[in-house]
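So the chains spell out like this:
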There are 2 protein chains.
Amino acid sequence: MQLEDTLGDAALILRRSLSPVSYDDSLLATTQEGEGGRLKLRRSSAARRTVLVVGSGWAAHALIKVIDTERHDVYVVSPRNCFCFTPMLPSSAVGTVEFRSLLEPVRVSNPEVVYVEANVLELDTQRKTALCRPAIALPSGELGPTFEIAYDVAVLAPGEQSATLGVPGVAEHSFYLKEVSDAVRLRKRVAECFELASLPGTSEEDMSTLLHFVVVGGGPTGVEFAGTLADYVRRDVARTYSRAIVGKVKVTLIQSAQTILSQFAKNLQGEALASLAGAGVEVRLGARVSRLDAGCVTLNTGETLHCGVIVWSAGNAARPLVRSISESLHAQRAFEADTARPGLKLAVDPWLRVVGAQDVLALGDASRMHGAPLPATAQVAGQQGAYAARLLNRRFDLGIGGLDQPPPWRAAAATDAPSSNGDGTVVAAGPFDFLSLGLLAYVGNDSALTQLDTGDVHVQLSGRFAFLLWRSVYLTKQVSLRNRVLILFDWMKTRVFGRDISQF
Amino acid sequence: MQLEDTLGDAALILRRSLSPVSYDDSLLATTQEGEGGRLKLRRSSAARRTVLVVGSGWAAHALIKVIDTERHDVYVVSPRNCFCFTPMLPSSAVGTVEFRSLLEPVRVSNPEVVYVEANVLELDTQRKTALCRPAIALPSGELGPTFEIAYDVAVLAPGEQSATLGVPGVAEHSFYLKEVSDAVRLRKRVAECFELASLPGTSEEDMSTLLHFVVVGGGPTGVEFAGTLADYVRRDVARTYSRAIVGKVKVTLIQSAQTILSQFAKNLQGEALASLAGAGVEVRLGARVSRLDAGCVTLNTGETLHCGVIVWSAGNAARPLVRSISESLHAQRAFEADTARPGLKLAVDPWLRVVGAQDVLALGDASRMHGAPLPATAQVAGQQGAYAARLLNRRFDLGIGGLDQPPPWRAAAATDAPSSNGDGTVVAAGPFDFLSLGLLAYVGNDSALTQLDTGDVHVQLSGRFAFLLWRSVYLTKQVSLRNRVLILFDWMKTRVFGRDISQF
């Protein structure tokens, strides 16, 4: 079944890329579903469902790559018009790769979906409508009027947003590293700090302050940024700035826990700490930030760190939409005690249906599976997106989400095996099953960590070989040939010419 | 002498690129000047001059590539830390090439110069000092204190800034296309207009307005942008947006004169008009803009054009520094009547010395040679930068600028031919001589214009062959191997994958 899924998806994608706007060669797709006929060109009929997808990240992207647009009218509503390969954002923030190399516009991912550059303000699960507001201003500078989109099925994959965790000054004085626009701003500011420190008359003390980069958060994003920033300093700053500048650069990584990269095995965490130290990053474990001011981090011990740039990758929080949906659904309240922070995620059942809502799925970081919570990673989100698309492609009726509710079902077709999971007239959907493909993290100095624990296979790698694996995997996992070519070219360019320091 | 110049410059550049930070292999440079010895490592001595370069455009870039940093302490003061290949800005604004491909950081152009990211507020030609203010804010958000740089020779190449020409609303409601930051904003806004027009519920009329792009100014920048925008619409928008969108796009070019590209021959102007028409651009000749509002251009006939984006490339004006220097020099006033707009440019003598100032050169768009004004082009600026560098490399004393002043002079060396232009003990410098290498302009639809009038050679080309020539010349004229590789890759990428529409 798994292989068949994959083949079916591959056929769909292939067909789409060969003839993006044709509806006539749909044999593969329809025979996959056992109907034998050809779909009509009409874009709306009783047999078609309107699917509203909220978001354009990993889950939404996987869904729109796999969903059969000959059976669904798909609306993708997101303020960001492109998918972003987030694991490489830290690299892009120092120029190892270029921003556009990480992105794929929604319209290119699947030209058959209707992309809407807007924010969903409210989801009315009773009326099955989404209230949207444009995310772009009119020439007058005002936002256009709100509008509604009616749906048959809603798929919520808005992800999360950066959180201040209640620390004063975070929003005003730090750079996040969650969106590509964050990385753009951060790259510019890092370059500016080097120029500020180089200005005539800058005191030694001011130089040291301006060239001190503090990263708060010891997860993959913080660690990768600290490591790649250290690479940038060692390899490129030394080429273009005076020795006085290079000698004063300092990168500090602040982590509240006693270890970094908590999802990795203990010995790999040790390797990561050693590698960061080798790259010149000072790691402060067990340090908590109590407030941020302009160019100043105050720890709860009262110690202050003066610096040029503060990067905040210490936590994420629910988007307002997720919070409002969670509050509007009575059934969600039973799960609030389950999470450390109430309202933070939408509780979903094993079929990814939002508990208490009719025909609503929630995927990725915005969701939390009751009983078996999965890590908030790109891998989970991507697999959930593909699963949701297959659920819809197979014409399952979703029904209401909840552990006490029947699973999604569909009428049995002639091609269903008699042993299939149903009573002969209906087939129930299997739950979402996460297949862990391992963990990867770059830790600076051409060194990475790899960890794979699947069944009997336990692999742990670190160092240069793991870095080559990191590069191979990231190159392979790019979402299109275009992105693969661009990333490969960026890496070669960085190797040959160094990272660009032009500001604009 | 011309050949020798070139060889000498080539040797300098070669030496620099082979060993950017070594001072020991300076034989080529010193024997070129006939001194025979090796320069010492000391960075300041009576034999060294401090050269202040204001700007980082074509003139400044050519100068810092050629100037001998073993004989000069060179300070480059500019708010932009990189050179920009301006003729390709219009292409970058729709994504035919990427922004970074056009840029070369000053620190990379010549690692021996001291780059200062600041604006020169005032030049005191009596005290020979420049008052500077940092162009980047400190972490506190404030600009650091002003500082002074003392110079022996000042080279002013700040270029010009976009001018509103007194038309109300230009600064608030239009996009310039003069700096790379302008192109960044414009590219984003063009992409946003396509998304705005695609929003559900947008009326046909609003769609037509949002997808109307008005370009004011029929010079090379306006024409190239209009042409390349039309290419983008025909080739890429058609791939990613619905037919309803593509059919509503309109590009209008407004020109006050009765012709576009006034520097070209009449028949080539005709070809340009035909080519723009073929690419779908509506050209309005003899139309004057009386005011701009949000999304609305009013002509002096009272006619209004409603649109999504207004690009203003209708004129340039003096930077405040140029204006203040011009006002501070009594001798400049005699030349004010000479120009249509007083104070617009610094009057220079045939050696590019600022009239009335001691040891100050002015190059490029900020200057105007009395009697024989040259076009404000990259070609002129680049040649002037190289000329100024040679003047300094040959150790000429500049003296005071003015037609009634003696030319720059130096003591004659043993290697000077007896016939050289001097009385045996001193040698006078030859004036700047512009060698026109022809005109090029892209007019859309893979078509360009080429015009060369040098001596007996008169060449006029248009169409596809001229376009290939345009590409070859622009590729060859890139300032480094890095830029050539990047531009070539961008062109291939655009051909294969189309222009990227990701917004960030």
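Residues numbered from 1 in each chain as written. Chains lettered and ligands numbered in written order. Predicted model: local features only at pLDDT ≥ 70, side-chain atom pairs only at ≥ 80, totals over all residues. Heavy atoms only, no water.

Visitor: What's the story with the overall build of chain A in this structure? I'm lost.
Guide: Tallying secondary structure elements over chain A gives 15 helices and 26 strands in all. For chain A, buried positions account for 56% of its 504 residues. Summarising the internal contacts of chain A: among those between residues at least 6 apart in sequence, 64% fall at separations of at least 24. Carbon and sulfur atoms make up 56% of the accessible area of chain A, which totals about 20400 Å². (Helix = DSSP H or I, 4+ residues; strand = E, 2+ residues; numbered from the N terminus. Buried < 20%, exposed > 50% of the residue type's maximum accessible area, 1.4 Å probe, protein only. Contact = heavy atoms within 4.5 Å. Areas by Shrake-Rupley, 256 points an atom, 1.4 Å probe, with all protein chains shown as cover.)

Visitor: Where do I start with the interface of chain A and chain B in this structure?
Guide: Bring the parts together and some accessible area is lost; that lost area is often taken as the interface size. Listed as interface residues are 49 residues of chain A and, on the opposing side, 49 residues of chain B. Taken as a group, Arg100(A), Arg107(A) and Phe504(A) account for 17% of the area that chain A buries against chain B, more than any other trio of residues on that side. Between chain A and chain B we count 8 salt bridges in total. Between Arg100(B) and Asp500(A) there is a salt bridge, with its nearest N and O atoms 3.0 Å apart. At the boundary of chain A with chain B, the tally comes to 18 residue pairs in polar contact (both at pLDDT 80 or more). Elements represented by at least two residues in the side of chain A that touches chain B include exactly β4 (103–105), α5 (106–109), β5 (114–116), α7 (180–198) and α15 (481–497) of chain A. For the side of chain A that touches chain B, the element with the most residues is α7(A), which contributes 8 residues. Across the side of chain A that touches chain B, the residue classes tally to 29 nonpolar, 8 polar and 12 charged. (Buried area = accessible area lost by both parts, 1.4 Å probe. Salt bridge = Lys/Arg side-chain N within 4 Å of Asp/Glu carboxyl O. Polar contact = N/O pair within 3.5 Å; in protein donor to acceptor, adjacent residues only side chain to side chain. Nonpolar A, V, L, I, M, F, W, Y, C, P; charged D, E, K, R; others polar.)

Visitor: Could you clarify how one ought to interpret helix α9 (residues 220–240) of chain B in this entry?
Guide: Since the α-helix packs 3.6 residues into each turn, any two residues three or four apart lie on the same face. Taking 1.5 Å per residue as the helical rise, α9(B) with its 21 residues ought to reach 30 Å, and the 29 Å between its terminal C-alpha atoms agrees with that figure. At Val233(B), α9(B) is deflected by roughly 35 degrees, the largest bend along its length. (Expected span 1.5 Å × (residues − 1). Bend = angle between axes of the 7 residues up to and from the residue.)

Visitor: Even after reading the chapter, I still don't get the sheet that holds strand β25 (residues 448–454) of chain A, so can you show me in this structure?
Guide: The pairing of strands in a sheet happens through backbone hydrogen bonds and is either parallel or antiparallel. Residue and element names in this part refer to chain A. The 3 strands are arranged β24-β25-β26 in an open sheet whose pairing can be described as antiparallel. For this open sheet the edge positions go to β24 (439–442) and β26 (457–463), each flanked by a neighbour on one side alone. Sheet twist, expressed as the mean angle between neighbouring strand axes with direction ignored, is 5 degrees. (Pairing = 2+ DSSP bridges. Axes fitted to C-alpha atoms, helices over the stretch in contact; angles between N-to-C directions.)

Visitor: Even after reading the chapter, I still don't get the pairing of strand β6 (residues 118–124) of chain A, so can you show me in this structure?
Guide: A regular strand carries its side chains on alternate faces of the sheet. Residues and elements named next belong to chain A. Direction of pairing for β6 relative to strand β7 (residues 129–134): antiparallel, over a ladder of 6 bridges. Each bridged residue has a counterpart across the sheet, and for Leu123 the counterpart in β7 is Ala130. Turn length for the β6-β7 hairpin, with the two strands adjacent in sequence and antiparallel, is 4 residues, and the turn residue Lys128 shows positive phi of about 55 degrees.

Visitor: In this structure, what is going on with the confidence of the model for chain A? I would like to understand it.
Guide: The predicted structure's coordinates, where accompanied by low pLDDT, should not be read in detail. All names here are of chain A. Looking at chain A as a whole, the pLDDT averages 87, with 87% of positions reaching at least 70. Confidence over residues 1–44 falls short of pLDDT 50; this stretch has 61 contacts with residues more than four positions distant or in other chains. With a pTM of 0.88, the predicted complex shows an ipTM of 0.87. (pLDDT = per-residue confidence, 0-100.)

Visitor: Teacher, can you tell me more about the relation of the copies chain A and chain B here?
Guide: Copy one and copy two of the chain differ by a rotation about a common axis and a shift along it. Its rotation angle being 180 degrees, the transformation that places chain A on chain B also includes 0.0 Å of axial translation and leaves an RMSD of 0.0 Å. When the rotation and shift are considered jointly, the pair of chain copies conforms to a two-fold rotation axis. If distances are taken from each C-alpha of chain A to the rotation axis, the shortest is found for Phe489(A), at 4.4 Å. When the interface residues of chain A are mapped onto chain B, 100% of them are again interface residues, pointing to one common binding face. (Least-squares fit on C-alpha atoms with pLDDT ≥ 70 in both.)

Visitor: For this particular structure, what's the right way to read the pattern of salt bridges?
Guide: Once their charged atoms are close, side chains differing in charge can pair, the charge on each being opposite to the other. Scanning the model with the defined rule gives 58 salt bridges over all chains in all. Linking Glu160(B) and Lys345(B) is a salt bridge whose minimum nitrogen-to-oxygen distance equals 3.7 Å. One end of the pair, Glu160(B), is in strand β10 (residues 160–162); the other, Lys345(B), is in the loop between α12 (320–328) and β20 (346–348), with 185 residues separating them in the sequence. Classification of Lys345(B) as buried rests on a relative accessible area of 19%. Several salt bridges share partner residues, and in doing so they unite Glu98(A), Arg187(A), Asp490(A), Lys493(A), Asp500(A), Arg100(B) and Arg482(B) into one network.

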